[in-house]
Amino acid sequence: MTRALSVISAGPSVTVQDLGRTGFLAFGLSRGGAVDRLAIAEGAALLGQPVTHAALEMAGMGAVFEAHEDLRIALTGAPMRAQIDGQPLVWHASHLLPKGARLSIGPAISGVYGYLHLGGGIDSPRLLGAPSAHLTAGLGKAIKAGDTLPLAADDATRVGQVLDVADRFSGGTLRVVPSLQTGLFAQEQRDLFGSSSFVRDTRGNRMGVRMACDGPGFAVEGGLNVVSEVIVPGDIQVTGDGTPFVLLAESQTTGGYPRIGTVLPCDLPLAGQAPAGARIGFRFVDLAEAIDLERKFRLHIEGVPRQLEPLIRDPALMRDLMSYNFISGVTDGKTEA
Amino acid sequence: MNSAPQGSECAEFPLIRNVGIDGLLVSFGPSLSEPANRAALAFRAALEAVDGIEETSTSLISTYLRFDPLKVPHTDMQTRVEALLVTRDWTGADLPEGRRLFRIPTVYGTKLAPQLSEAAQVAGMSAEDAVSSLSQARVRVQTIGFAPGQPYLGALPEAWDIPRQQALTPVVPLGALVVAIRQLVLFSVTTPTGWRHVGQTAMRLFRPESDTPFVLRPGDEAIFDAVTPEALERMKTDPDGGATWEALR
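Here the structure is a predicted model, which is why all the values come from computation and not from measurement.

## Concerning the overall build of chain A
Scanning chain A from N- to C-terminus turns up 6 helices and 22 strands. Taken over the C-alpha trace, chain A has a radius of gyration of 20 Å; the compact-globule value for 337 residues is 20 Å, and the two agree within 12%. When its C-alpha atoms are laid out on the principal axes, chain A stretches across 60 × 45 × 30 Å. Long-range contacts, defined here as pairs at least 24 residues apart, represent 79% of the contacts in chain A between residues at least 6 apart.

Written out as structure tokens, the structure reads:
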């Protein structure tokens, strides 16, 4: 029988995601893939499998699943309330989901996008070279109750690993590199942008998130008549009413609203994970610093497998671990060990 | 060629600018023009031969390329791009081969395309004149972008040099024909937009499950013939939405 996971119920925005698809920009299709690409790397490390394996991305709210056989799972990204048959699970960790057991993943405690990784990866059909859903483009569908997710073979057995993950789930400062249209904004506009405090608006999805601020907003002379130009994930688009949007995985590939800068790839997980109401700031860095930060980010991702710690499985400690997790958004396996 | 400060207004072309940390944009003019559009398409094709480039695309007047700045430093990539730029006058390039002329049935105005009157007013003409102007215009696909398979088409007559709206329209449906800055966009997905929704077609431009997922290509031309809502309703079962096409030249 094919390995599979049944979906008993699902939140409104649960999709299969991976690192997306490249090569279709010229046809107007953006890369897509997981909003929090670091979470994909963390899940791969926890299960000891390639970073290319597809996982489930859950926006704000999880889902309930039933295993057809013993499965390895890992939970990453925005911490959510998770249980196996009523037993609380540590987030940022790998676990065994026994045959017939029910995995319940509830609302996000902090952050937005939680991820469920499965040993072997989700083996759903590929469209234009990748299994990930790109709902803005009409590729794939959100997961719903009654669905069965096919899983690829899993020859590994290790579970019970945990990662000490720095908080990227409650807003913060996003580092920005000047981009092709930054010069359209007057210097005082750029200075104001760098010194203003923003709040992640309730309006946000995989295309982008609105960052609201007090004051008149930002504008360029003739901004509504700028020729449409190339857009990349991380671009900060200023729409007609002066409010910036940070564009994410499912961004459009071109657009006419001027962009004041581009959020660095290493800060995009934080941008995407900031929940509604979280405080956001922007800080310009020059290209040399941005490249240096990108180098460090890639080294960090490469090093994630070396940061694994054994998960304490003593049920008496479980409650303490969970409460620690809820308060800080970070599970520190070392403290408990 | 120049690498002027980001966004410099008195720049000379071709102009090379950074896009984020891993992209370069080569622009062939300050505003939309046919030579700049042809140059962007031809230069993208030529970039295929340059080492270290991971992906390319075009916008209306620019060629975009993505590379890994940890493998190829920006200065090196810029040098490679500049070396290719000086090999010819790219604005003199021909349009791509295999172009086609599409005739796409379109309902103007009515509740299917509720911003026709508003757009006509901004363009300084009556709604009737707007339909006549838009349905007679023969426009060219200048680039595919924003959403999968979605064309920017132009150029419309001067009167249609109208700005985008201040605020986004939350949703326009697939097949919507929208207008701004002497251009039309025919939407391939349901999406928010800042352009005004003046026409509605039944054409599906993105067909991910088919052998040709993307129907239109840069260089193709189109005429959006006016039809009644009843006529369009009958075309809805056809993925081409009643559109027909023929090879050009």
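## Examining the sheet that holds strand β11 (residues 183-186) of chain B
Within the open sheet, the 9 strands sit side by side as β6-β13-β10-β11-β8-β7-β14-β5-β15 (chain B). Their pairing is mixed. Every interior strand has two partners, whereas the edge strands, β6 (107-108) and β15 (244-247) of chain B, have only one.

## Description of the domain arrangement of chain A
All names here are of chain A. Structurally, chain A comprises domain 1 (4-163 + 308-336) and domain 2 (172-299). Summarising the inter-unit geometry, the C-alpha centres of domain 1 and domain 2 are found 28 Å apart. With 21 residues of domain 1 in contact, the opposing surface of domain 2 contributes 13 residues. Top contributing element to the side of domain 1 that touches domain 2 by residue count: helix α1 (residues 37-47), with 3 residues.

## Considering the domain arrangement of chain B
Residues and elements named next belong to chain B. Per the domain assignment, the segments making up chain B are domain 1 (15-92) and domain 2 (100-247). Using C-alpha coordinates to define each centre, domain 1 is positioned 29 Å away from domain 2. Contacts between the two partners involve 6 residues from domain 1, matched on the other side by 7 residues from domain 2.

The rules behind these values
- Residues numbered from 1 in each chain as written.
- Chains lettered and ligands numbered in written order.
- Predicted model: local features only at pLDDT ≥ 70, side-chain atom pairs only at ≥ 80, totals over all residues.
- Helix = DSSP H or I, 4+ residues; strand = E, 2+ residues; numbered from the N terminus.
- Rg over C-alpha atoms; globule rule 2.2 N^0.38 Å.
- Contact = placed C-beta atoms within 7 Å.
- Pairing = 2+ DSSP bridges.
- Domains from an automatic or database assignment.

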